[in-house]
Protein chains: 2
Amino acid sequence: MQRDESLDPDDDGALRALAHRAVDDALDYLATLRDRPAWQPPPDDTATRFAQPLPRAPEGAEAAYADFVAHVMPYPMGNIHPRFWGWYMGTGTAFGALGDFLAAIVNPNMGGGNHVANHVELQVVDWCKDIVGMPRDTSGLLVSGGSMANFIGLAVARNATAAAHGIDVREAGVQGLAARTTYYASAEVHSCAQKALEQLGLGSRALRKVPVDASYRIDVRALAAMIAADRAEGIAPCCVIGNAGTINTGAIDDLSALADLCAREQLWFHVDGAIGAVAALSASQRPRLAGIERADSLALDLHKWLHVPFEAGCALVRDRAAHRAAFALMPDYLGLHARGLAAGSHWFSEYGLQLSRGFRALKVWLMFKEHGTDKLARLIDQNVAQAAALGAMIDAHPELERMAPIGLNIVCFRYVAADRPPAQLDALNEELLIRLHETGIAVPSYTKLGGRYCLRVAIANHRTRGEDLQIALDAIVTIGRELAATR
Amino acid sequence: MQRDESLDPDDDGALRALAHRAVDDALDYLATLRDRPAWQPPPDDTATRFAQPLPRAPEGAEAAYADFVAHVMPYPMGNIHPRFWGWYMGTGTAFGALGDFLAAIVNPNMGGGNHVANHVELQVVDWCKDIVGMPRDTSGLLVSGGSMANFIGLAVARNATAAAHGIDVREAGVQGLAARTTYYASAEVHSCAQKALEQLGLGSRALRKVPVDASYRIDVRALAAMIAADRAEGIAPCCVIGNAGTINTGAIDDLSALADLCAREQLWFHVDGAIGAVAALSASQRPRLAGIERADSLALDLHKWLHVPFEAGCALVRDRAAHRAAFALMPDYLGLHARGLAAGSHWFSEYGLQLSRGFRALKVWLMFKEHGTDKLARLIDQNVAQAAALGAMIDAHPELERMAPIGLNIVCFRYVAADRPPAQLDALNEELLIRLHETGIAVPSYTKLGGRYCLRVAIANHRTRGEDLQIALDAIVTIGRELAATR
């Protein structure tokens, strides 16, 4: 046999030099973010550049890296920029990125087994419980993000509720359920709830959307009435989903009232905290989240307002046995041993969909230790204060109209031209936002509230300074006036 | 307002120095892997060390990193070691890890939008199609791994089959299906198939396990008979899952025969290629996978035999419309724009469960370009040859018994002591494997075949050399003799 090959270099000197260069390039890149546009369109040749045949021959690490520097790095999504406030994303940090590098170097499979990385994840999950005030014996799992964390909570709700009626839904499927099963959430609930119920075989008809009040919070009396009406029709209410920060406006449902209602009605209480659960770190915000600690299951995100690089979310489930019962399978090739690597009392693969799992816990563990959570809380307070300041600036400006109460760190508004009918304002503001993106000055996103298009600034950004908001507002008003004058 | 804080250092000099040190530590760590045990047990104080309260105060990056170096790095799972062949994992590479670092630096959200990173993912997905010979207009998505890739294929199968009968299972749920739906796979199918069907609301009863032949390949005639019997009973067959490399023995089903049968019976043809699909890169292995290119959906893993660091899997679905129809949702806050960041014709979030998604495509793109896929194919051939050589060594050894035909790169065997009844051999081999782990010499895993415990060596490791197999076998025989003499 010829000499064995490997993917390791015979001499790692060149790769080492390249890695050092990449570190410098990366830190320079972050240090100069403010000098570059928040976003710029990809070059015209992008689609063809990335439509190459399978690279059978090697280019080498140098050439591959050069391609990245030349053609990928200059055209980011922009969420790392100080004036990016679109959708709802975190910003990332250099040390967090280093955490992902180190995780990939040691490269454990976090499905289970007896090795230290598993304890790092258990530690991080424990910290997530601490943040929201759930007890340490709560079950939990790091996942890709809020969508999967919500999926897990809603799946356990489905199975545990069926089990309470003697039905093994894992064996018999949803067809084994005696009655139609329903979940309740406000009309502002994130689309991932519908997606989860569709995948879980319950169907989108299982999601009953409850009206909201003027602050976009769930109408708890309407919810109670819907549950009663459904029961009267022979439908089986299963779960209430509370929002700890809605995607549109950051509204926080009355979680205590929902917890009370769920206790009274014997329903599973799930909280979607992807946006706002981590605000429980802040002493000033925590009272608004009262009741979150009473959730039966909770989804939260670490790659949003805690700025951990993608991906890092967390699912928490109060009833450990119910959590495990929804996902555990132990085939012959995974049976536990008394000692050795195949020992270990906690196999993460028994608590979610993944068997092979990456070491995403490491970046969270490193970042929490680096900064301390008090600082993360101060940055949450800072973003909340910035959103309030932006709201005040909007309220004081005759050409800007705020469209909703400010929930946490989310401000919805639009440019108004007094002589324009409301219908034209939708198109004007959409074009305004596109042009704002194209200037590279700032990246808000958008939504519709009451059918009206509006700009949406979600400040989950540790790099944003007070002056950034003024810069963005000035640009918005300038573009708005141009559009109002010409259209 | 006080001066704004951020997570960026005022002066990044200390962080930069730390990052350079981490790069050197990481490359030193990989260069000296052979000098360390493949695995060693975590220290006794591990559980308490990682049961700390929420770190409210900062420790700083230096201290956090020092903790990682002292307490995490020395106790890895071991899959990066040259003599790790447990379960089924890849090995990772330094440049792949650098890819994860760079991905976290630019930190895009790969849900969608108009930025270059999306094109990198589209490119990588195209390359995955090329590997298995599916056309470039196939739909695809990078996912966390094989479990999620299989979930996606089986979900699309459920929905598309229902849609062909006029049922919108996303709206109506599984209770809207007229008949019980069944999926077919060999008894050797990976447990993630059952897990997916349980989550999809079809129940484990929906998975019909088909007998295998002496080579652990699906018995296609028995499959046809089961389908006919189910149809006669009013059950609705939906999908056949073919194995392109089983987890236990690496067996490859007759994929052409399954494709023919699915065409004839109008069933969805899904292939679980998490283990073996990438072997299609190898000219010598490709004929064994004939028919894989006819799959309606296919799951493959890049973090296994292609050595990309965790996590990287890929789901491919031939019918793009069916794929999108299973997952697409477009709420108000995600509506597309004509230009700007919110443009872009391809939103990955419409093809899977995740909305926020990390840039896992980058490490794959960099590694493929670095090495070229011809080299990746040679390493696959090398592992297959190593498995065959190990099999020959086992067959030639009077105290070792091979337990199954060698599928691709997986060898199942056990130590036999002539005077022992078979029942004692299970316990003896389990203790043998534990002791082997504890020596740190090598890490096979184990399974049961025909009810009998056996050692299982799955060589998906670019660092393994021919001599590593001899070292491991010598240790196995030595430990086996010790156990046989004392028990």
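Residues numbered from 1 in each chain as written. Chains lettered and ligands numbered in written order. Predicted model: local features only at pLDDT ≥ 70, side-chain atom pairs only at ≥ 80, totals over all residues.

Visitor: So what exactly am I meant to see when it comes to the overall build of chain A here?
Guide: Across its full length, chain A carries 15 helices and 12 strands. The proportion of buried residues among the 487 residues of chain A is 60%. (Helix = DSSP H or I, 4+ residues; strand = E, 2+ residues; numbered from the N terminus. Buried ≥ 20, exposed ≤ 12 C-beta atoms within 10 Å, placed from the backbone.)

Visitor: Help me understand the relation of the copies chain B and chain A in this model?
Guide: Both copies of the chain are tied together by a single rotation about an axis and a shift running along it. Note on the identical chains: chain B maps onto chain A by a rotation of 180° and an axial translation of 0.0 Å, with an RMSD of 0.0 Å. A rotation of that kind, with that shift, is consistent with a two-fold axis. Here 100% of the interface residues in chain B have copies in chain A that are interface residues too; the copies meet face to matching face. (Least-squares fit on C-alpha atoms with pLDDT ≥ 70 in both. Contact = placed C-beta atoms within 7 Å.)

Visitor: Can you help me understand the interface of chain B and chain A in this one?
Guide: Think of interface size as the accessible area that goes away when the parts come together; that is how it is often given. Each side of the interface is counted separately: chain B has 157 residues, and chain A has 158 residues. Class assignment of the residues belonging to the side of chain B that touches chain A gives a composition of 77 nonpolar, 49 polar and 31 charged. (Nonpolar A, V, L, I, M, F, W, Y, C, P; charged D, E, K, R; others polar.)

Visitor: I keep staring at the domain arrangement of chain A and nothing clicks. Help me out?
Guide: Residues and elements named next belong to chain A. Segmentation of chain A into domains returns domain 1 (102-371) and domain 2 (374-486). Using only C-alpha atoms to locate each centre, domain 1 and domain 2 end up separated by 32 Å. At the junction of the two partners, domain 1 supplies 21 residues and domain 2 supplies 17 residues. Classifying every residue of the side of domain 1 that touches domain 2 gives 8 nonpolar, 12 polar and 1 charged. (Domains from an automatic or database assignment.)

Visitor: When you look at the environment of Ala280(B) in this model, what are you seeing that I'm missing?
Guide: Residue and element names in this part refer to chain B. Inspection of the secondary structure assignment puts Ala-280 in the loop between β6 (268-273) and β7 (297-301). Expressed as a C-alpha distance, the spacing of Ala-280 and Gly-242, which sit 38 residues apart in the sequence, is 15 Å. In this structure Ala-280 touches Ile-131, Val-132, Gly-133, Arg-286, Leu-289 and Ile-292, once residues within four positions along its chain are discounted.

Visitor: Can you walk me through the sheet that holds strand β8 (residues 313-317) of chain A in this structure?
Guide: Within a sheet, each strand pairs with its neighbour through backbone hydrogen bonds, oriented either parallel or antiparallel. Residue and element names in this part refer to chain A. Strand order in this open sheet of 7 strands is β2-β8-β7-β6-β5-β3-β4, and the pairing throughout is mixed. Single-partner strands in this sheet number two, and they are β2 (139-143) and β4 (207-210). Strand-to-strand, the axes of this sheet are offset by a mean angle of 20°, without reference to chain direction. With 5 bridges connecting them, strand β7 (residues 297-301) and β8 associate as antiparallel partners. Bridging from a neighbouring strand, Ala-299 pairs with Ala-315 of β8. This element, helix α10 (residues 255-265), spans β5 (236-243) and β6 (268-273) of the sheet and lies at about 165° to β5. (Pairing = 2+ DSSP bridges. Axes fitted to C-alpha atoms, helices over the stretch in contact; angles between N-to-C directions.)

Visitor: When you look at helix α4 (residues 94-106) of chain A in this model, what are you seeing that I'm missing?
Guide: Each α-helix turn comprises 3.6 residues. Residues three or four places apart therefore point the same way. Residues and elements named next belong to chain A. Over its 13 residues, α4 runs 19 Å from end to end, which matches the ideal 18 Å to within 8%, given 1.5 Å per residue. Taking burial as the measure, the 13 residues of α4 include 13 buried ones, the bulk of the element. Positive backbone phi, at 50°, marks Asn-107, one or two positions downstream of α4. (Expected span 1.5 Å × (residues − 1).)

Visitor: In this structure, what is going on with the pairing of strand β12 (residues 452-458) of chain B? I would like to understand it.
Guide: Residue and element names in this part refer to chain B. For β12, the buried fraction is high: 6 of the 7 residues fall into the buried class. With 4 bridges joining them, strand β10 (residues 410-415) and β12 adopt antiparallel strand pairing. In the strand pairing of β12, Cys-412 is matched with Arg-456. Note: strand β11 (residues 443-449) against β12, 5 bridges, orientation antiparallel.

Visitor: What is the right way to read the confidence of the model for chain A from this model?
Guide: Should pLDDT be low for a region, the predicted coordinates there are not to be read in detail. Across chain A, pLDDT averages 96, with 99% of residues at or above 70. If you check the scores for this complex, the pTM reads 0.97 and the ipTM reads 0.97. (pLDDT = per-residue confidence, 0-100.)

Visitor: I tried to follow the packing of helix α13 (residues 373-395) of chain B against helix α15 (residues 466-486) of chain B on my own but got confused; where do I start?
Guide: Helix-helix packing is described using two parameters, namely the angle between the two axes and the distance between the axes. Residue and element names in this part refer to chain B. At a minimum axis distance of 10 Å, the contact between α13 and α15 shows a crossing angle of 35°. Remark: the crossing between α13 and α15 carries right-handed chirality. Residues Gln-386, Ala-389, Leu-390 and Met-393 of α13 form the contact with α15, whose participating residues are Gly-466, Leu-469 and Leu-473. Residue composition of the contact of α13 with α15, by class: 5 nonpolar, 2 polar and no charged. (Left-handed = near helix turned anticlockwise from the far one by under 90°.)

Visitor: In this structure, what is going on with helix α15 (residues 466-486) of chain A? I would like to understand it.
Guide: All names here are of chain A. Compared with an ideal rise of 1.5 Å per residue, which puts 21 residues at 30 Å, α15 spans 31 Å between its outermost C-alpha atoms and is within 8% of the ideal. Every buried residue of α15 is listed here: Asp-468, Leu-469, Ala-472, Ile-476, Ile-479 and Gly-480. Seen from one end, α15 has its buried residues packed into an arc of 105°, which puts them on one side. Turned more than 90 degrees away from the buried face of α15 sit Glu-467, Asp-474 and Ala-485, all of them exposed. (Arc of directions from axis to C-beta.)

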